[in-house]
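Secondary and tertiary structure notes
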Amino acid sequence: MKLLHDPAPAGFEGITRAFAMARELPTTHRLALKIGVSCDGVLVAEGELDGYRQVRFFSDHLRSLGCDEFLLGGDEEMFGCDMLFSVLPMATEAEDDDPSFIRRPARSLWPEQS
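Residues numbered from 1 in each chain as written. Predicted model: local features only at pLDDT ≥ 70, side-chain atom pairs only at ≥ 80, totals over all residues. Heavy atoms only, no water.

Now for the overall build of the chain. In terms of helices and strands, the chain carries 4 helices and 5 strands. Taking all 114 residues of the chain together, the buried fraction comes to 27%. Pairs at least 24 residues apart make up 59% of the contacts formed inside the chain by residues separated by at least 6 positions. A total of about 8200 Å² of accessible surface is found on the chain, and carbon and sulfur atoms cover 54% of it. (Helix = DSSP H or I, 4+ residues; strand = E, 2+ residues; numbered from the N terminus. Buried < 20%, exposed > 50% of the residue type's maximum accessible area, 1.4 Å probe, protein only. Contact = heavy atoms within 4.5 Å. Areas by Shrake-Rupley, 256 points an atom, 1.4 Å probe, with all protein chains shown as cover.)

Given below as structure tokens:
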């Protein structure tokens, strides 16, 4: 998969690994399907897959990573790709630093004393 913009979106390593594994699967036809990955409406990576087995493997893995898949659309929407996956930007670590919203306040952990 060829990265078109720096920096790569968060979690892009998993996408490139899935693409590399898909390319290793044998195919009976050379379909030359152009696959794209977009983030925030910008095409960030593209590659080419040759057969149904490769496309199925890659799309199954990207769906499991939480990517949205697009097969049909105008040329502007698809960036000239046959299949497009949209990667949602990951939450920043600052939002994840304080998981206090799932904890009960300290006073509710102890019974009230009279």
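We now examine the packing of helix H1 (residues 12-23) against helix H2 (residues 52-64). For the pair H1 and H2, interaxial distance at closest approach is 8 Å and the crossing angle is 160°. Considering the angle they form, H1 stands roughly antiparallel to H2. As H1 packs across H2, the resulting crossing turns out to be right-handed. Every residue of H2 that contacts H1 at Ile15, Ala18, Phe19, Met21, Ala22 and Arg23 is listed here: Gln54, Phe57, Phe58, His61 and Leu62. Considered class by class, the residues forming the contact of H1 with H2 number 8 nonpolar, 2 polar and 1 charged. (Axes fitted to C-alpha atoms, helices over the stretch in contact; angles between N-to-C directions. Parallel < 35°, antiparallel > 145°, perpendicular 65-115°, else oblique. Left-handed = near helix turned anticlockwise from the far one by under 90°. Nonpolar A, V, L, I, M, F, W, Y, C, P; charged D, E, K, R; others polar.)

In this section: the pattern of salt bridges. For the structure on display, the rule yields 6 salt bridges. Salt-bridge contacts for Asp50 lead to Arg23; the nearest nitrogen and oxygen are separated by 3.3 Å. In this pair, Asp50 is assigned in the loop between strand S3 (42-49) and H2 and Arg23 in helix H1, connecting sequence segments 27 residues apart. With a closest N to O distance of 3.7 Å, Asp60 and Arg56 form a salt bridge. (Salt bridge = Lys/Arg side-chain N within 4 Å of Asp/Glu carboxyl O.)

So, about the side chain of Ser86. Looking at the element boundaries, Ser86 is found in strand S5 (residues 83-87). Among all residues touching Ser86, those that are not within four sequence positions of it are Ser38, Cys67, Asp68 and Phe70.

Of note, Gln54 is situated in helix H2. At a separation of 3.3 Å, a polar atom in the side chain of Gln54 contacts the main-chain carbonyl oxygen of Arg23. One polar contact links the side chain of Gln54 to the main-chain carbonyl oxygen of Leu25, over a distance of 2.9 Å. Those residues in contact with Gln54 that lie beyond four places of it in its chain are Ala22, Arg23, Leu25, Thr27 and Leu49. (Polar contact = N/O pair within 3.5 Å; in protein donor to acceptor, adjacent residues only side chain to side chain.)

A word on the sheet that holds strand S4 (residues 68-70). An order of S1-S3-S2-S5-S4 is seen for the 5 strands of this open sheet, with the pairing classed as mixed. Bordering the open sheet on either side are strand S1 (2-3) and S4, each of which pairs with just one other strand. In this sheet, S3 lies alongside strand S2 (residues 33-39) in antiparallel orientation, the contact comprising 7 bridges. By the bridge assignment, Leu33 is partnered in S3 with Leu49. Across the sheet, H1 touches S1, S2, S3 and S5, and the angle it forms with S3 is around 15°. Across the sheet, H2 touches S2, S3, S4 and S5, and the angle it forms with S5 is around 15°. (Pairing = 2+ DSSP bridges.)

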